Amino acid sequence: MISTRYLKMIIDSVLPILEHIFNYSLSNGVFPAGWKSALICPVPKVKNPTLAQHYRPISILPVLSKALERVVCEQIRDYLEDSALLDPCQFAYRSNHSTQTCLIKMLDDIRQKLKALNFSDSVLHWIFSYLTGKTQRVRDGVAGMISSSTPVSTGVPQGSVLGPLFFTLYLSDFSHVLTHCKYNFYADDLQIYYHCKPRELARAVQCVNEDIESVICWATTNKLVLNADKTQAIIFGTARYISTLELRSLSNIRVGATPIQYTTSVKYLGVIVANNLSWEKQMASTTGRIRSVLYRLKLCRHLFPANLRLRLITSLILPYGCSKLMQDVTISLDVNCTICYGISNPSF
């Protein structure tokens, strides 16, 4: 692979050649075969990984491959946004969309009522060429070894430019799956929720379970896997209503044959949301993290000059100020309640 540093040194000389390669690739609908091989670097997702699923397979791709992907990604995204073809309930991998906007939409819904894309043939040929014929190898950073090359038949490489956009397009038909519930996507985290009156709670559980069956059928058809172990169920309502609710007499939310127990709070997109929409747990968690960082900085304060201490406070403490937005939100609830159900981490 050509390093980014070396490429920057010779960019003026090779730019006309790269322009010719890029134009030829796009006009003929062919992705260069030499750029389809990825080197996988497993990055731990937990502190002490012991299983393969504890690692995130980040793909190290050729620099020129990612440059071509960037060109295609910007053109496809502009086309999708201009034509209003992106799912409005997908909040990841998009400008002006974030975890905050996803959370605000979900909470607003709770407080209130608790070839289809017409791409040209040449673009379709290019995307097909890009997705097929890929290979990957795994690098063991500890042993300093690299595995033999293996074909990649499904999915998109994590670390690629086009991967997030293509994953969003892969989920674009989900809006037709649900019959009863509303939903939010943030990347591959799916949340479905249903609003009802307290007397309709049993029927609400039935409706949610019917939609879950539809999600399972859709996921199976699209070769996705639902992770029941990371699924949570919660009922939102006023504190008075929640305190009188007999969960033991209520039917379970189910993912296939797996019953999902109701919980009093869920952590969604980094924010702890309680079933009565109280922010006590979130604020306790945030202040705890701030105190921990301040304590560690206090122990080392004699090692840093004043200007560096200020920069550390700015970078390590002030980002938690976004929680103030959530704290200042005025919550007004009636006697209605909402069942909120989340499915996490489908994967190819």
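Owing to the predicted nature of the structure, the values given are computational and were not obtained by experimental measurement.

Student: Just to check I follow, could you spell out the pattern of salt bridges for this structure?
Tutor: Where side chains of opposite charge bring their charged atoms close, a pairing between them can arise. In the structure shown here, the tally under the stated rule is 2 salt bridges. Its salt-bridge partner being E210, residue R203 comes within 3.8 Å of it at the nearest N-O pair. A relative accessible area of 40% means that R203 is categorised as partly exposed. Note that E246 and R248 form a salt bridge whose closest N and O atoms lie 3.8 Å from each other.

Student: Before we go on, may I ask you to explain a nonpolar patch on the surface in this structure?
Tutor: A contiguous nonpolar patch, built from L294, I313 and L318 and spanning about 250 Å² of accessible area, is present on the exposed surface. We classify L318 as exposed; its relative accessible area is 54%.

Student: Mind showing me how you'd approach the pairing of strand β6 (residues 182-186) here?
Tutor: Along any regular strand, the residues point their side chains to alternate faces of the sheet. Bridge count between β6 and strand β7 (residues 189-196): 5 bridges; the pairing is antiparallel. Residue pairing for β7: Y183 is matched across the bridge by I192. Here β6 folds back onto β7, and the loop between the two strands holds 2 residues, one of which, A187, carries a positive phi near 60°.

Student: Whenever I open this one, the pairing of strand β12 (residues 271-274) confuses me. Can you help?
Tutor: Neither face of β12 is left uncovered, since the one carrying V271 and V273 and the one carrying I272 and A274 both have all their residues buried. Across 4 bridges, the pairing between strand β11 (residues 265-268) and β12 is antiparallel. If you follow K267 over to β12, its bridge partner there is I272. Hairpin connection between β11 and β12: a loop of 2 residues separates the two successive antiparallel strands, and L269 in this loop has a positive phi of roughly 55°.

Student: Quick question: what am I supposed to make of the packing of aromatic side chains here?
Tutor: The geometry of an aromatic ring pair is captured by the separation of the ring centres together with the interplanar angle, meaning the angle of the planes. Within this structure, the stated rule accounts for 11 aromatic pairs. With centroids separated by 6.3 Å and ring planes inclined at 75°, the aromatic side chains of F31 and W35 adopt a geometry described as edge-to-face. Measuring from ring centre to ring centre gives 5.1 Å for F174 and F185, while their planes differ by 70°; the resulting arrangement is edge-to-face. Of this pair, F174 sits in the loop between α6 (163-170) and β6 while F185 is found in strand β6, placing the two residues 11 residues apart along the sequence. F174 sits in the buried class, given a relative accessible area of 0%. A relative accessible area of 2% means that F185 is categorised as buried. Every member of this aromatic cluster is reached through a ring pair, and the members are F22, F31, W35, W126, Y130 and F166.

Student: Where do I start with a negative patch on the surface in this structure?
Tutor: On the surface, a cluster of negative charge is made up of E74, D78, E81 and D82. Its place among the elements puts D82 in helix α3 (residues 63-82). What makes D82 exposed here is its relative accessible area of 69%.

Student: What's the story with unusual backbone geometry in this structure? I'm lost.
Tutor: The bulk of non-glycine residues show a negative phi, and the bulk of peptide bonds are trans. Positive phi values are uncommon outside glycine, yet L269 reaches one of about 55°. Structurally, L269 can be placed in the loop between β11 and β12.

Student: Explain the packing of helix α9 (residues 280-299) against helix α10 (residues 306-316) to me, please; I cannot follow it from the model alone.
Tutor: Helices that pack against each other are described as a pair by the angle of their axes relative to one another and the distance between those axes. Contact pair α9 / α10: the axes reach a minimum separation of 11 Å and the direction vectors enclose 165°. With respect to each other, α9 and α10 are oriented roughly antiparallel. For the crossing formed where α9 meets α10, the hand is right-handed. Residues V293, L294 and L297 of α9 lie in contact with α10, whose contacting residues are L312, I313 and L316. A per-class count over the contact of α9 with α10 returns 6 nonpolar, no polar and no charged.

Student: Honestly, the side chain of K36 in this entry has me stumped. Any pointers?
Tutor: As for its placement among the helices and strands, K36 is situated in the loop between α2 (11-28) and β1 (37-44). In this structure, K36 is buried with no salt-bridge partner, the nearest side chain bearing the opposite charge being E69 at 11 Å. Among the polar contacts listed, one links the side chain of K36 to the backbone oxygen of T132, at a separation of 2.8 Å. Excluding its chain neighbours within four sequence positions, the residues that come into contact with K36 are F31, S129, T132, G133, K134 and T135.

Student: When you look at the environment of Y79 in this model, what are you seeing that I'm missing?
Tutor: Among the secondary structure elements, Y79 is positioned in helix α3. Residues within four places of Y79 in sequence aside, it is in contact with L85, L117, N118 and F119.

Student: How should helix α5 (residues 121-131) be read in this particular structure?
Tutor: An α-helix turns once per 3.6 residues; consequently, residues spaced three or four apart project the same way. Along α5, the residues that are buried comprise W126, I127, S129 and Y130. The buried residues of α5 occupy an angular sector of 160° when the element is viewed end-on, so they sit on one face. In α5, the exposed positions that point more than 90 degrees away from the buried face belong to H125 and F128. A positive phi of about 75° marks G133, the residue just after α5.

Student: Looking at this structure, how should I read the nonpolar core?
Tutor: Nonpolar side chains in soluble globular proteins tend to be buried together. Membership of the largest hydrophobic core comes to 34 residues, with the highest contact counts inside it found for F174, L178, Y183, I192 and I253. The biggest single contributor to this core is helix α7 (residues 201-221), with 9 residues. The residues touching L178, leaving out its near neighbours within four places in the chain, are Y183, I192, D211 and V215. Counting residues in each nonpolar core, the second largest holds 22 residues, with L80, I127, V161 and L169 among its members.

Student: Can you walk me through the confidence of the model for the protein chain in this structure?
Tutor: Regions with low pLDDT should not have their predicted coordinates read in detail. For the protein chain, mean pLDDT is 80; residues scoring 70 or higher make up 89% of the total. Mean pLDDT in the protein chain bottoms out at helix α11 (residues 322-328), which sits at 40, and peaks at α7, which reaches 91. Scored below 50 in pLDDT, residues 322-339 shows 61 contacts in the model against residues more than four places distant or in partner chains. Residue range residues 341-348 is modelled with pLDDT below 50. Its contacts to residues more than four positions away, or to other chains, number 43 contacts.

Rules and cut-offs
- In every chain, residue numbers begin from 1 and rise along the written sequence.
- It should be noted that, the model being predicted, local features are given only for residues of pLDDT at least 70 and side-chain atom pairs only at 80 or more, the latter also being counted only at that level, while totals for whole chains, interfaces and linings use all residues.
- Heavy atoms throughout the structure, all of them, feed into the side-chain values; hydrogens and water do not.
- Only one rule defines a salt bridge in this text: a Lys or Arg side-chain nitrogen within 4 Å of an Asp or Glu carboxyl oxygen.
- Classification of residues uses two cut-offs on accessible area relative to the type maximum, computed with a 1.4 Å probe and protein chains only: under 20% is buried, over 50% is exposed, and between them is partly exposed.
- Patch members must show over 30% relative accessible area and no salt bridge, and they are joined within 9 Å when carrying like charges or within 5 Å when they are nonpolar side chains of Val, Leu, Ile, Met, Phe, Trp or Tyr.
- Values of accessible area rely on a 1.4 Å probe in the Shrake-Rupley scheme; residue burial ignores everything except the protein chains shown.
- One bridge is not enough; two strands pair if DSSP finds at least two bridges between them.
- By the criteria applied, helices consist of DSSP H or I runs no shorter than four residues and strands consist of E runs no shorter than two, each listed in order from the N terminus.
- We call Phe, Tyr and Trp rings a pair once their centres come within 6.5 Å, taking the six-membered ring for Trp, and we label the pair stacked below 30 degrees between planes, edge-to-face above 60, and tilted otherwise.
- All tallies of charge rest on Lys and Arg as positive and Asp and Glu as negative; His and the ends of each chain are not included.
- All charge positions are set by atom: Lys at NZ, Arg at CZ, Asp at CG, Glu at CD.
- Fitting a line to C-alpha atoms yields each axis, with helices limited to the stretch in contact; the angle taken between N-to-C directions then spans 0 to 180 degrees.
- For classification purposes, angles smaller than 35 degrees are called roughly parallel, those larger than 145 roughly antiparallel, those between 65 and 115 roughly perpendicular, and all remaining angles oblique.
- In a left-handed crossing the near helix is turned counterclockwise from the far helix by less than a right angle, and in a right-handed crossing that turn is clockwise.
- Every residue pair with non-hydrogen atoms within 4.5 Å of one another is taken to be in contact.
- Here the term charged refers only to Asp, Glu, Lys and Arg, the term nonpolar to Ala, Val, Leu, Ile, Met, Phe, Trp, Tyr, Cys and Pro, and the term polar to all other amino acids, Gly among them.
- Counted as a polar contact is a pair of N or O atoms within 3.5 Å, where, for protein atoms, one must be capable of donating a hydrogen and the other of accepting one, and residues adjacent in sequence contribute only when both atoms are in side chains.
- To obtain the arc, one takes the directions from the helix axis to the C-beta atoms.
- Note on terminology: a nonpolar core comprises buried Ala, Val, Leu, Ile, Met, Phe, Trp, Tyr and Cys residues joined through side-chain atoms within 4.5 Å.
- Confidence per residue, as judged by the predictor, is encoded in pLDDT with a range of 0 to 100.

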